[in-house]
Each structure stands twice: as C-alpha cells, then as structure tokens.
Amino acid sequence: MKFGIIVFPGSNCDRDVATVTQGLLNAPTRMVWHQETALSDIDTIVIPGGFSYGDYLRCGAIARFSPVIKSIVEHANRGKYVLGICNGFQVLTEVGLLPGALIGNRDLHFICDRVPVRVERTDLPWTQNYTSRQVITLPIAHGEGRYYADEDTIKSLEDNGQVLFRYCSTTGEVNEASNPNGSLDNIAGIVNQPGNVLGMMPHPERASDPMLRATDGKLLFEGLLGVLDAIA
Amino acid sequence: MSHKYKSQIYVTLRPSVLDPAGVAVESGLKQLGYKGVEGVRIGKYIELTLTAANEAEAKQQLDQMCDRLLANPVIENYCFELTELTVSVE
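Every value quoted in this text rests on a predicted model; they were computed, and no experiment measured them.

Caption draft 1: Up close: the pairing of strand β6 (residues 111-119) of chain A. Residues and elements named next belong to chain A. Bridge analysis of β6 against strand β7 (residues 135-142) gives 8 bridges, and the strand direction is antiparallel. Looking at the pairing, Cys112 lines up with Ala141 of β7. As paired strands, β6 and strand β9 (residues 163-167) are joined by 3 bridges and run antiparallel to one another. The partner of Val117 across the bridge, within β9, is Tyr167.

Caption draft 2: Spotlight on the nonpolar core. Among the nonpolar cores identified, the biggest contains 71 residues, and Ile5(A), Ile6(A), Val46(A), Val82(A), Leu92(A), Val117(A) and Val197(A) are the most heavily contacted of them. Setting aside residues no more than four positions away along its own chain, Ile5(A) makes contact with Asp14(A), Val17(A), Ala18(A), Thr29(A), Met31(A), Val32(A), Val46(A) and Pro48(A). Counting 8 residues, the second-largest nonpolar core is a separate cluster that includes Tyr5(B), Ala58(B), Cys66(B) and Leu70(B).

Caption draft 3: Looking closely at the interface of chain B and chain A. Contacts between the two partners involve 9 residues from chain B, matched on the other side by 13 residues from chain A. Residue contributions to the side of chain B that touches chain A peak at 3 residues, all from helix α1 (residues 20-31) of chain B. Partitioned by chemical class, the residues of the side of chain B that touches chain A number 7 nonpolar, 2 polar and no charged.

Each value, and the rule that gives it
- Residues numbered from 1 in each chain as written.
- Chains lettered and ligands numbered in written order.
- Predicted model: local features only at pLDDT ≥ 70, side-chain atom pairs only at ≥ 80, totals over all residues.
- Pairing = 2+ DSSP bridges.
- Helix = DSSP H or I, 4+ residues; strand = E, 2+ residues; numbered from the N terminus.
- Core = buried A, V, L, I, M, F, W, Y, C linked by C-beta atoms within 7 Å.
- Buried ≥ 20, exposed ≤ 12 C-beta atoms within 10 Å, placed from the backbone.
- Contact = placed C-beta atoms within 7 Å.
- Nonpolar A, V, L, I, M, F, W, Y, C, P; charged D, E, K, R; others polar.

None of the figures reported here should be taken as evidence of function without further support.
So, in structure tokens, the structure goes:
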C-alpha cells in the first residue's frame, strides 16, 4: 500500500502529507513531480494544498494541464483512490474528476481557522473510522473555498450522498452561521459517484500529529490504510 | 498565407454566481456618492495576438482556448472580439 503525493510548482502541503503517511503511519510514500506520468506503483494519490502555478488565472486552472494529470485521471478511472486537499480539491474540479468549482469566499477574506465539520457518511474507506454524523475539528486555510455548482449538480450530489463533509456548528447543526465561506449546502468535501475520489477544503493532514494537539484528521488516513491493506 | 489577429477576451461570472467582490465595489462606489450604481460584477480581461489561416480558424481556436483554459464553464461565461492586424504573405 503506497501513497504518491503530487508536487506542483507552488504546492506547499506536500511534505505535511508525507509526514502523516510515512512519518506517523509508516506507509510507503513517494513524492511525484508534476512532470511524471508513470504512477502504476501507487495505490492512493494525494493532491496536496498550496498554490499550484501561483493559482494564476483560477485556482488549479494551469495545474490541470500538467503531464501528471492524465495519469491521475486513468488512476481514478481504474477505481483507485485520489484525495485532493484544498488546492488539490480545486485541481480535481478543474480536471473534472469532481463536479462544481471553488470560488472566492463569501466575505472575501482568506480564512485560516479550525472549524467543526460533520461527517455525513461512514460507509466509505475515507470515513469508516468515524461515527455517523460525528462532528470533528479540522483546520481550513483558503481564500477560494466557497463550493459552487448549478442547482441540478447540487441536487444530484445530495441525492447520491456524495457530500462527505459539511461545515457545521460545534453541536453539529448545519446552518448559515456555521458556514465559514459561503459554500452551497455547507459543503466542505465531496466524493465522485463511486466514492474513490475525494476532494475537501479542510486539511486532515494538519490534524494528525498528536504533537499539534489535533488528531481528528488522522482517522481518515487510517481508514484508507485499513481498506487497502485488507485488499493487499 | 496566414493572418495575424488581435483578440480581446472578456471572462465574466455567470449570473447565478454570487460576486462578493462586485458587491464590495458597488458599496464603495455608493459611498463615493454614485447612488445610481447597481449590479457591479467583476470579470477578467485577456488580450492576445494570434496567427491563423483565416478569421474562422482564429475564432475556432479562441473558442477552444476559452473552453479549455481561459474560462471555467461551471462559473464563467466568455466572449471575445477579433481584429485583423496585418496580412503576411507565406
């Protein structure tokens, strides 16, 4: 079971992810430069946070044409796991592996905070170690994190149960007051229909090391490891 | 024979997308005393020159550029203007 972490010019959470997968969980991990195209040795691809290509034009718009992207799409289409965190989520929507777009926050601020997030489903590897409707606390750090999609897309996401994480109050209520960035339906993270591609704005890798006194994110990586090791 | 064109490309937010920056600028304009201002929307302007066989080909290429990179159809619309600059032989 091996993690591959994509490194674009401007990625800045790549080593944070490796610290979790390799450092805390002892899972084989390799950094994948965006010019690479051979990814067949990798089980889970992580597209990390940062500012790929300076986020010029739109977040993720230029990263989308990197040589590595075609291999990521093939990897995802084979049913293998892809996790996009923050800028990685933005890249996945630009690529089209996930629907919708991430646009400027409602209040125009860059938000750097720890926020409560509700786990909406626990029948996927990503969230199997959480309890249903569990409220966890994860860091967010973004200027363009407001999830937007047209009405039909939002409806199909909801109907298919593709919303995995939602911003909420500390007691789990989902409302406008607990919505940090104006995301439609308080969406913080979604999966594709089969569930093997996850995009999320909160940073689970920044809430995994006990030294940081926040470990709610570690369960996500552990859940994934459990499933993959069971297959292997 | 190929032709050189100058293109001016306008990328605008789709009407259904909330534009908080536009709202902030609108309130700034109102504070300056322009009480009649409404509907401020902020978009992007891109200009480029392009060499193509003819105008139809230039337009086709620009459409592709906008669809693939310059605009995101999920949130944005685009339009462009095309002006021929020079004619070069061969």
